[in-house]
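Close look at the chain arrangement
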Amino acid sequence: MTEAPREAVIEVRGLVTRFGTHVVHEGLDLDVYRGEVLGVVGGSGTGKSVLLRAIVGLKQPDAGSVRVFGTDVLHASEAERAAIERRWGVMFQDGALFSALSVQENVEAPMREQLHIGAPVREALAALKVAMAGLPPDAGPKFPSELSGGMRKRAGLARALALDPEIVFLDEPTAGLDPIGAAAFDELIRKLTDALGLTVFLVTHDLDSLHAIADRIAVLSQKKVLVTGTMQDMLEVDDPWVREYFHGPRARAALGRA
């Protein structure tokens, strides 16, 4: 029986991004399929976060195309763009919360902008998202400065989930967490992905996260996506950086082969 083709919800073709004369991506192609957790890895300066920002519209590429749910987001009308943005959520490093707003107010912020609902409904939905992110009820009234690093990340995740997105972009979500906190966050992402049918674009350097939750991995190198595949596929790639990254001591520990 022939397997049904997977639906690409993100399609990047021929992407070129520069900062002045410095070329970060040149002719980069990438597909992200519905329902998968795609881990994006690469050495320092390969443009992992830049790629995320280009897809969500925070960095205008110099050339190429980005299609999300079939819509050319680089040339979409304002209304088309707004409709697409409601279908994704973004969690930046360390949560990137509004420091003057409480956790509850941070989660409500996208709802205020995008949804025409009354305050009681908005507050109830925000409290639900806070709980979904694994935070206790008393976290809602607190300000980001009153939270630990791990709690700030969960608050950032709650805000990313505010509009019930189909795609969630995560930028180094476990960076700075201790191993126990990082493992708990990975478990949360896996549970939410399975329960909500999310597609996750995960920028990370954490081999434990890749092993725990990534369905597929994309390696950025030489200004493009060098290779994509499963963790097992990565072990068979004949490239110096890939070999060092996926066969080094940390990789052996993540795979239980130390």
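Let us look at the structure shown here. What you are looking at is a predicted structure, and each value in this text was computed from that prediction instead of being measured. (Residues numbered from 1 in each chain as written. Predicted model: local features only at pLDDT ≥ 70, side-chain atom pairs only at ≥ 80, totals over all residues. Heavy atoms only, no water.)

**Here we look at the overall build of the protein**
Helix and strand counts for the protein stand at 10 helices and 10 strands. A compact globule built from 258 residues should have a C-alpha radius of gyration of about 18 Å, and the protein, at 18 Å, falls within 12% of that. The principal-axis extent of the C-alpha atoms belonging to the protein is close to 55 × 50 × 45 Å. The 258 residues of the protein split such that 49% are buried. A separation threshold of at least 6 residues defines the contact pool for the protein, and within that pool the share at least 24 residues apart is 67%. Element-wise, carbon and sulfur atoms account for 52% of the exposed surface of the protein, whose accessible area totals about 12400 Å². The centroid of the 28 positive side-chain charges in the protein is displaced by 2 Å from the centroid of its 35 negative side-chain charges. (Helix = DSSP H or I, 4+ residues; strand = E, 2+ residues; numbered from the N terminus. Rg over C-alpha atoms; globule rule 2.2 N^0.38 Å. Buried < 20%, exposed > 50% of the residue type's maximum accessible area, 1.4 Å probe, protein only. Contact = heavy atoms within 4.5 Å. Areas by Shrake-Rupley, 256 points an atom, 1.4 Å probe, with all protein chains shown as cover. Lys, Arg positive; Asp, Glu negative; His and termini not counted. Charge placed at Lys NZ, Arg CZ, Asp CG, Glu CD.)

**Some thoughts on the nonpolar core**
Here is a general trend for soluble globular proteins: nonpolar side chains tend to be buried in one another's company. Grouped together as the largest cluster of nonpolar side chains are 29 residues, with contacts concentrated most on Ile 10, Leu 30, Ile 55, Val 68, Phe 169 and Phe 201. For this core, the leading source of residues is helix 1 (residues 48-56), giving 5 residues. Ignoring any residue separated from it by four or fewer positions in sequence, one finds Ile 55 in contact with Ile 10, Val 12, Val 66, Val 68, Val 73, Trp 88, Phe 169 and Phe 201. Ranked by size, the runner-up nonpolar core spans 17 residues in total, among them Met 91, Leu 188, Leu 202 and Ile 213. (Core = buried A, V, L, I, M, F, W, Y, C linked by side-chain atoms within 4.5 Å.)

**Focus on the packing of aromatic side chains**
Under the counting rule described, the total for this entry stands at 4 aromatic pairs. Judged by centre distance (5.5 Å) and plane angle (50 degrees), the rings of Phe 169 and Phe 201 are tilted. Of the two residues, Phe 169 sits in strand 7 (residues 167-171) while Phe 201 sits in strand 8 (residues 199-203), which places them 32 residues apart along the sequence. Both residues of the pair, Phe 169 and Phe 201, belong to the buried class. Ring geometry for Trp 241 against Tyr 245: centres 4.7 Å apart, planes inclined by 15 degrees, an arrangement best described as stacked. Placement of both Trp 241 and Tyr 245 in helix 9 (residues 240-247) is noted, with a separation of 4 residues, approximately one turn of the helix. Taking relative accessible area as the criterion, Trp 241 reaches 28% and is therefore assigned partly exposed. The exposure class of Tyr 245 is buried, given its relative accessible area of 15%. (Phe/Tyr/Trp six-rings, centres within 6.5 Å; stacked < 30°, edge-to-face > 60°.)

**Focus: the layout of surface pockets**
One number sums up the size of the largest pocket: a volume of about 550 Å³. Considering the residues around the largest pocket, the lining is formed by 18 residues, among which Glu 85, Trp 88, Val 90, Pro 110 and Glu 113 are closest to the centre. Ranked by residue count, the leading element in the lining of the largest pocket is helix 3 (residues 103-114), at 5 residues. Here the residues of the lining of the largest pocket are counted per class, giving 12 nonpolar, 3 polar and 3 charged. (1 Å grid on protein atoms, 1.4 Å probe; cavity = no way out; pocket = protein on both sides within 12 Å on 5 of 7 lines; lining within 4 Å. Points joined across faces, edges and corners; volume = space filled by probe spheres on them. Nonpolar A, V, L, I, M, F, W, Y, C, P; charged D, E, K, R; others polar.)

**Describing helix 9**
For helix 9, the full list of buried residues reads Val 242, Tyr 245 and Phe 246. One side of helix 9 carries all its buried residues, which in axial view fall inside an arc of 85 degrees. Away from the buried face of helix 9 by more than 90 degrees, exposed residues Pro 240 and Glu 244 are located. For helix 9, the N-terminal capping position is held by Asp 239, with its side-chain oxygen 3.1 Å away from the main-chain nitrogen of Trp 241. (Arc of directions from axis to C-beta. Polar contact = N/O pair within 3.5 Å; in protein donor to acceptor, adjacent residues only side chain to side chain.)

**What to know about a nonpolar patch on the surface**
A surface patch of nonpolar side chains, amounting to about 230 Å² of accessible area, comprises Val 121, Leu 125 and Leu 128. Looking at where Leu 125 falls in the secondary structure, it is placed in helix 4 (residues 119-132). (Patch = residues over 30% accessible without salt bridge, like charges linked within 9 Å, V, L, I, M, F, W, Y side chains within 5 Å. Salt bridge = Lys/Arg side-chain N within 4 Å of Asp/Glu carboxyl O.)

**Quick notes on the side chain of Thr 17**
With respect to the secondary-structure elements, Thr 17 resides in strand 1 (residues 8-19). Residue classification places Thr 17 among the buried residues on the basis of a relative accessible area of 0%. Of the polar contacts made by the side chain of Thr 17, one reaches the side chain of His 25; its length is 2.7 Å. Contact partners of Thr 17, with chain neighbours within four places excluded, come to His 22, Val 23, Val 24, His 25, Val 50, Lys 59, Pro 61 and Asp 62.

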